[in-house]
Amino acid sequence: MRRTRIKICGITRGEDADCAVACGADAVGLVCYERSPRFVQTSHLRELVAALPPFVTPVLLFVNADSEHVRACLAQAPNALLQFHGDESAAECERFGRPYLRAVRMADEVDLLDSARSFPSAIALLADAPAAGFGGGGTVFDWTRLPEPSQRTKPLILAGGLNETNVMDAIGRVRPFAVDVSSGVEQAPGIKSAERLRRFCAAVRAADHDICPDSSNAA
């Protein structure tokens with residue numbers, strides 16, 4: 001039995017968080033990177049996180065942030081996972097004593113298994129398309145460059161250009177632990193579309209059902 005987990009990233013509004021949860025999101029990503037159009041002010045984090053129900057995980061995304069900023073954000077969202085999307089070393093990711101996801105930009109020279117060895121303490125790797133600057137670029141990369149499920153040493157979160165039209169194919173081909181979407185369910189940067197959220201989450205569940213007809217009841 002399997003169920004692909006769903007992470008909706010780039011949430012900036014409470015109503016979008018509520019909609020993501022209602023559609024079946026397992027995690028909600030909040031961008032703490034000032035240069036992003038989806039940046040959430042530190043003072044707004046507590047309000048967004050407090051509205052999440054139990055068992056829906058908030059994830060705070062950072063890019064080369066200083067320790068003071070990370071700690072200030074954690075003070076507002078103490079139950080959050082951390083996600084590092086910049087040039088942080090393993091030691092820099094570990095220094096907060098919190099579970100973290102390590103984003104890997106899948107440039108031509110990048111090997112995901114090497115990344116897993118470089119970040120042994122990461123609870124999962126998030127594979128994303130390479131982009132100018134940092135953060136996701138909303139584009140798809142070559143999924144054949146990812147190791148087969150039997151070769152993976154950590155849970156794989158698939159990101160990069162996913163939307164309701166391609167996520168079924170992505171899950172069928174990659175078999176990730178989770179999928180991560182941001183721009184693929186938006187009507188504008190940082191503003192989610194309720195209809196696209198519903199279609200995306202329904203497509204994930206449909207993909208799981210195609211792989212395993214009983215997966216809709218799986219843990």
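Quick caveat, the model's predicted, so the values are computed rather than measured.

Calculation notes
- Residues numbered from 1 in each chain as written.
- Predicted model: local features only at pLDDT ≥ 70, side-chain atom pairs only at ≥ 80, totals over all residues.
- Heavy atoms only, no water.
- Helix = DSSP H or I, 4+ residues; strand = E, 2+ residues; numbered from the N terminus.
- Expected span 1.5 Å × (residues − 1).
- Buried < 20%, exposed > 50% of the residue type's maximum accessible area, 1.4 Å probe, protein only.
- Arc of directions from axis to C-beta.
- Contact = heavy atoms within 4.5 Å.
- 1 Å grid on protein atoms, 1.4 Å probe; cavity = no way out; pocket = protein on both sides within 12 Å on 5 of 7 lines; lining within 4 Å.
- Points joined across faces, edges and corners; volume = space filled by probe spheres on them.
- Nonpolar A, V, L, I, M, F, W, Y, C, P; charged D, E, K, R; others polar.
- Pairing = 2+ DSSP bridges.
- Right-handed = clockwise from strand over helix to strand, strands pointing away.
- Core = buried A, V, L, I, M, F, W, Y, C linked by side-chain atoms within 4.5 Å.

Caption draft 1: How the structure looks around helix α7 (residues 194–211). Look at α7: 26 Å from first C-alpha to last across 18 residues, which is about the 26 Å you get at 1.5 Å a residue. For α7, the set of buried residues is L197, F200, C201, A203, V204, A207 and D208. Along the axis of α7, the buried positions cluster into a sector of 150°, meaning they face one direction only. Against β1 (5–8), α1 (14–23), α6 (167–174), β8 (178–181) and β10 (191–192) lie the buried residues of α7.

Caption draft 2: Quick peek at empty space enclosed by the protein. Summed over all chains, the structure comprises two cavities of 30 Å³ or more. By volume, the largest cavity amounts to about 50 Å³. Ranked by the residues each element gives to the lining of the largest cavity, the list is headed by helix α5 (residues 112–118), at three residues. When its residues are assigned to classes, the lining of the largest cavity shows six nonpolar, one polar and two charged. Of the pockets and cavities examined, the second largest cavity occupies roughly 30 Å³.

Caption draft 3: Geometry of α6. The complete set of buried residues in α6 reads V167, A170, I171 and V174. Seen from one end, α6 has its buried residues packed into an arc of 95°, which puts them on one side. After α6 finishes, the residue R175 shows a positive phi value of roughly 55°.

Caption draft 4: Local environment of the pairing of β1. Across four bridges, the pairing between β1 and β8 is parallel. In the sheet register, I8 faces β8, and the bridge partner there is V181. Here β1 runs beside strand β2 (residues 27–31); their pairing, made up of two bridges, is parallel. Each bridged residue has a counterpart across the sheet, and for K7 the counterpart in β2 is A27. Taken together, β1, α1 and β2 constitute a β-α-β crossover, and its handedness is right-handed.

Caption draft 5: Local environment of the nonpolar core. The biggest cluster of nonpolar side chains holds 58 residues, and the ones touching the most others in it are I8, L60, F62, L82, L146 and F200. Here this core takes six residues from α7, the largest share from any one element. Those residues in contact with F200, other than ones at most four positions away along the chain, are I6, L162, N163, E164, V167, V179, V181 and V185.

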